[in-house]
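A closer look at the structure
Here is how the chains run, residue by residue.
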There are 2 protein chains.
Amino acid sequence: MLDKVYQTIQENNLISPSDRVIVALSGGPDSVCLAHILCRLREKLGIKIILAHLNHNLRGKEAEKDAKFVKKFAADFILPLECKKLMNKPANENSGRAMRYKFLKQTAKKYRAAKIAAAHHQDDQVETILSHFLRGAGLSGLSGMRYQNGKIIRPLLDCSREEILSYLEKNNLSYRVDQSNFSLKFTRNKIRLKLLPALKKEYNPQIRKNLLRLSKICRASQEYITEEARALISEHPSFLLLKTWQALPAILKREVLRQMIASGSGDCRDIYAVHLEEAVKMLEAQAGNKKKNLRRDLQIIKKNGKIWVKKTN
Amino acid sequence: MLDKVYQTIQENNLISPSDRVIVALSGGPDSVCLAHILCRLREKLGIKIILAHLNHNLRGKEAEKDAKFVKKFAADFILPLECKKLMNKPANENSGRAMRYKFLKQTAKKYRAAKIAAAHHQDDQVETILSHFLRGAGLSGLSGMRYQNGKIIRPLLDCSREEILSYLEKNNLSYRVDQSNFSLKFTRNKIRLKLLPALKKEYNPQIRKNLLRLSKICRASQEYITEEARALISEHPSFLLLKTWQALPAILKREVLRQMIASGSGDCRDIYAVHLEEAVKMLEAQAGNKKKNLRRDLQIIKKNGKIWVKKTN
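Fair warning: this is a prediction, and the values are worked out from it, not measured in the lab.

About the criteria used
Residues numbered from 1 in each chain as written. Chains lettered and ligands numbered in written order. Predicted model: local features only at pLDDT ≥ 70, side-chain atom pairs only at ≥ 80, totals over all residues. Heavy atoms only, no water. Phe/Tyr/Trp six-rings, centres within 6.5 Å; stacked < 30°, edge-to-face > 60°. Buried < 20%, exposed > 50% of the residue type's maximum accessible area, 1.4 Å probe, protein only. Helix = DSSP H or I, 4+ residues; strand = E, 2+ residues; numbered from the N terminus. Polar contact = N/O pair within 3.5 Å; in protein donor to acceptor, adjacent residues only side chain to side chain. Contact = heavy atoms within 4.5 Å. Salt bridge = Lys/Arg side-chain N within 4 Å of Asp/Glu carboxyl O. Core = buried A, V, L, I, M, F, W, Y, C linked by side-chain atoms within 4.5 Å. Least-squares fit on C-alpha atoms with pLDDT ≥ 70 in both. Pairing = 2+ DSSP bridges. Axes fitted to C-alpha atoms, helices over the stretch in contact; angles between N-to-C directions. Parallel < 35°, antiparallel > 145°, perpendicular 65-115°, else oblique. Left-handed = near helix turned anticlockwise from the far one by under 90°. Nonpolar A, V, L, I, M, F, W, Y, C, P; charged D, E, K, R; others polar. Domains from an automatic or database assignment. 1 Å grid on protein atoms, 1.4 Å probe; cavity = no way out; pocket = protein on both sides within 12 Å on 5 of 7 lines; lining within 4 Å. Points joined across faces, edges and corners; volume = space filled by probe spheres on them. Buried area = accessible area lost by both parts, 1.4 Å probe.

**Focus on the packing of aromatic side chains**
For the coordinates displayed, the defined rule picks out four aromatic pairs over all chains. Seen in terms of ring centroids, A:F73 and A:F77 are 4.6 Å apart; in terms of plane orientation they differ by 35 degrees. Their pairing is tilted. The class for A:F77 is partly exposed, based on a relative accessible area of 24%. Between the aromatic rings of A:F133 and B:F133, the centroid separation amounts to 3.5 Å while the plane-to-plane angle is 0 degrees, which identifies the pairing as stacked.

**Considerations on unusual backbone geometry**
For A:S18, which is not a glycine, the phi torsion comes out positive at approximately 75 degrees. You can see A:S18 is positioned in the loop between α1 (2-11) and β1 (20-24). Positive phi values are uncommon outside glycine, yet B:N172 reaches one of about 55 degrees. The residue B:N172 is located in the loop between α7 (161-170) and α8 (187-202) in this model. The exposure class assigned to B:N172 is exposed, which follows from its relative accessible area of 72%.

**Side note on the side chain of B:T226**
Residue and element names in this part refer to chain B. Mapped onto the fold, T226 is located in helix α9 (residues 207-234). Given the relative accessible area of 13%, T226 is considered buried. Here Q222 takes part through its backbone oxygen, which lies 2.6 Å from a polar atom of the side chain of T226. In contact with T226, not counting residues within four places along its chain, are E255 and Q259.

**Focus: the pattern of salt bridges**
Residue and element names in this part refer to chain A. Across all of its chains, the model carries 34 salt bridges over all chains by this definition. For E127, the salt bridge goes to R188, with nearest N and O atoms at 3.6 Å. Pair noted here: E127 is in helix α5 (residues 122-135) and R188 is in helix α8 (residues 187-202), with a separation of 61 residues, a long-range link. Under the relative-accessibility criterion, E127 is labelled buried at 2%.

**Points about the nonpolar core**
Of all hydrophobic cores here, the largest spans 87 residues; its most connected members are A:W245 and B:W245. Broken down by element, the residue count for this core peaks at 12 residues, all from helix α9 (residues 207-234) of chain A. If we ignore the near neighbours within four places in the chain, the residues touching B:W245 are B:L240, B:K253, B:V256, B:L257, B:V280, B:L283, B:E284 and B:I307.

**Concerning the relation of the copies chain B and chain A**
Laying chain B over chain A is done by rotating through 180 degrees and shifting 0.0 Å along the axis; what remains is an RMSD of 0.1 Å. Interpreted geometrically, this transformation is the action of a two-fold axis. Rotation axis and chain B: the residue whose C-alpha lies nearest the axis is B:S221, separated from it by 3.6 Å. In this assembly, 100% of the residues forming the interface of chain B have copies in chain A that are likewise at the interface, indicating an isologous arrangement.

**Quick look at the sheet that holds strand β8 (residues 290-295) of chain A**
All names here are of chain A. Reading across the sheet, the four strands line up as β7-β10-β9-β8 and stay open at both edges, with antiparallel pairing between neighbours. Every other strand in the sheet has two partners, leaving β7 (240-241) and β8 as the edge strands with one partner each. Across two bridges, β7 lies against strand β10 (residues 306-311) in antiparallel orientation. Its bridge partner lying in β10, L241 is registered against K306. In the packing of helix α12 (residues 273-284) onto the sheet, the strands contacted are β8, β9 (298-303) and β10, and the crossing angle to β8 comes to about 175 degrees.

**Thoughts on the packing of α1(A) against helix α2 (residues 29-45) of chain A**
Residues and elements named next belong to chain A. At a minimum axis distance of 11 Å, the contact between α1 and α2 shows a crossing angle of 55 degrees. Regarding the angle of α1 to α2, the classification is oblique. The interaxial crossing formed by α1 with α2 has right-handed handedness. Residues L2, V5, Y6, I9 and Q10 of α1 form the contact with α2, whose participating residues are I37, L38, R40, L41, K44 and L45. Of the residues in the contact of α1 with α2, the class split is eight nonpolar, one polar and two charged.

**Focus: the domain arrangement of chain A**
For chain A, the domain assignment lists domain 1 (2-121 + 145-183) and domain 2 (236-311). When each unit is reduced to the centre of its C-alpha atoms, the spacing between domain 1 of chain A and domain 2 of chain A is 40 Å.

**Side note on empty space enclosed by the protein**
Counted by the stated rule, this structure contains one cavity of 30 Å³ or more. Volume-wise, the largest cavity comes out at about 30 Å³. Lining the largest cavity, in full, are A:L130, A:F133, A:L134, A:L195, A:L199, B:L130, B:F133, B:L134 and B:L199. Counting only elements with at least two residues in the lining of the largest cavity, the list comes to α5 and α8 of chain A together with α5 (122-135) of chain B. For the lining of the largest cavity, a count of residues per class yields nine nonpolar, no polar and no charged.

**Thoughts on the interface of chain B and chain A**
Listed per partner, the contact involves 37 residues of chain B and 37 residues of chain A. Both sides of the chain B and chain A interface together cover about 3200 Å² of buried area, and 69% of this is carbon and sulfur. The largest per-residue losses of area from chain B upon contact with chain A belong to B:F133, B:Y203 and B:Y224, which jointly make up 24% of the total buried on that side. Measuring nitrogen to oxygen at the nearest pair gives 3.9 Å for the salt bridge that ties B:E202 to A:K190. At the boundary of chain B and chain A, one finds 14 residue pairs in polar contact (both at pLDDT 80 or more). Sorting elements by how many residues they give to the side of chain B that touches chain A places α9(B) first, with 12 residues.

**Details of the sheet that holds strand β5 (residues 148-149) of chain B**
For sheets, the rule is that strands pair by backbone hydrogen bonds, running either parallel or antiparallel. Residues and elements named next belong to chain B. Strand order in the open sheet formed by six strands is β3-β2-β1-β4-β6-β5, with mixed pairing between adjacent strands. Every interior strand has two partners, whereas the edge strands, β3 (81-85) and β5, have only one. Direction of pairing for β5 relative to strand β6 (residues 152-153): antiparallel, over a ladder of two bridges. Counterpart to N149 in the pairing with β6 is I152. Where helix α4 (residues 93-110) meets the sheet, its contacts fall on β1 (20-24), β2 (48-55), β3, β4 (115-117) and β6, and the angle it forms with β2 comes to roughly 145 degrees.

What follows is the structure, given as structure tokens:
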């Protein structure tokens, strides 16, 4: 498994020599495995490791025990550790995740670390793809998580949960178990504990492999389409001729709009497929000049044979 | 609903004036609805309708009753009817489908009909997409059924099962019910009766709409990628330079191979993603000349800096 993770890192250029790497360590099996493997690879990779642990203030005594476990792990392996406890409980899974990433990025800044390693593995990837599928994703949603996304890297993305557990056992490593992982209140747990086993048993024993293959196809398609759209837009930095846009293949029409929105607003947050569909409809219509609000602070404008995106506040 | 079907036909150019159209009539609700609607539209569309009914010889007396029902329908609406009973029962769903299409194509030839109308509707489409997803499809599998595929047209593809049943009720039309539609022995029925309702209830009430949207995105992406690959290949009818191929984006590499196989062999039957993956690996490898069997009668060859596909028998 050590070799496999090393290969993933090399093939995807996840880490450069002399990088400082923050390892997000919850104390669960995945992050313990990741921290241990990166520790064993640190000389070969020529990197420095800093552990980071966030107490979400959601699970009382259990969370205190997690923090204690993480401190002992850091002491055993003589690694610097950054701990933080949230004062206010996050309202839901999403805001919890946002706070975690904020903490990790702050820690990266403090230690001038180039990378933040997250312990997402192949089974997480399968669950992510299925969850995006159910939520109504397009190509990029079905692509799943990337090996690298900004500073975040995912060295375990080619390893299965089974491999991780067997690595922990072989190396006699203990870890903490988060009981909320078994609660069917959370969609992600339902997908893992109910839906995936049912699909495997009743529909296709190969479902896991097939979802991973589909995600690769979607990623490759999306990258190609993104690239083509980018090339087109870079020729027209501030606006696009309506005629040029109208002559594009359907899928490029959407992607070009998505990118115009991203560059016009700095991000694509809260821009959904439904907004793109509405924008496409407006731009394809024969009628004259028009505007469309995409979200409260953003407008797409069609005027005098040109298209552009404008911030409204 | 009449208007909706008319619109689907017009928007997708499914029928031209003076076309003869074979309508596949099983006697079930969908095909009865389709036949009735096309009858009511035939003057407006300027077409002639011929009914065709195949007895698969699988359901004994029930099938005889279906045939009787269909004959009465043809008589009531004064339509020509072509009936056939299979001598040998088909071995499974797939061979049954193959025999049905063979019969429909023969009938089209006999009547010099330009089109064969099938009654697949929006709910069939959703089930098809989900079934392809479970079986491990790529983009074209996730695109689902087309409005038109050769002579086959699907005028009901924008209508839901609910709309069809309400049309039948409003127009006081009777139909036959195939009990095997409720057997959970068949994957398709399990998807319709168990999986889709569970996904809708437990994961996403919008699942149906989302799958249809995803299929449109996949169709548009696939069409774009197909077009780009086709343009590239048409410049190189008999072989491709290895260098040209290697410089392509990942998704075009696959698509170009798929099209080379199709044009080198006449079809892509029994060529699966796994074959393409193996071929890609061989072509990306640094080593020299090489061959790879794609299926028993087909080889992909890399030699002297060129790539081509060869039939081996």
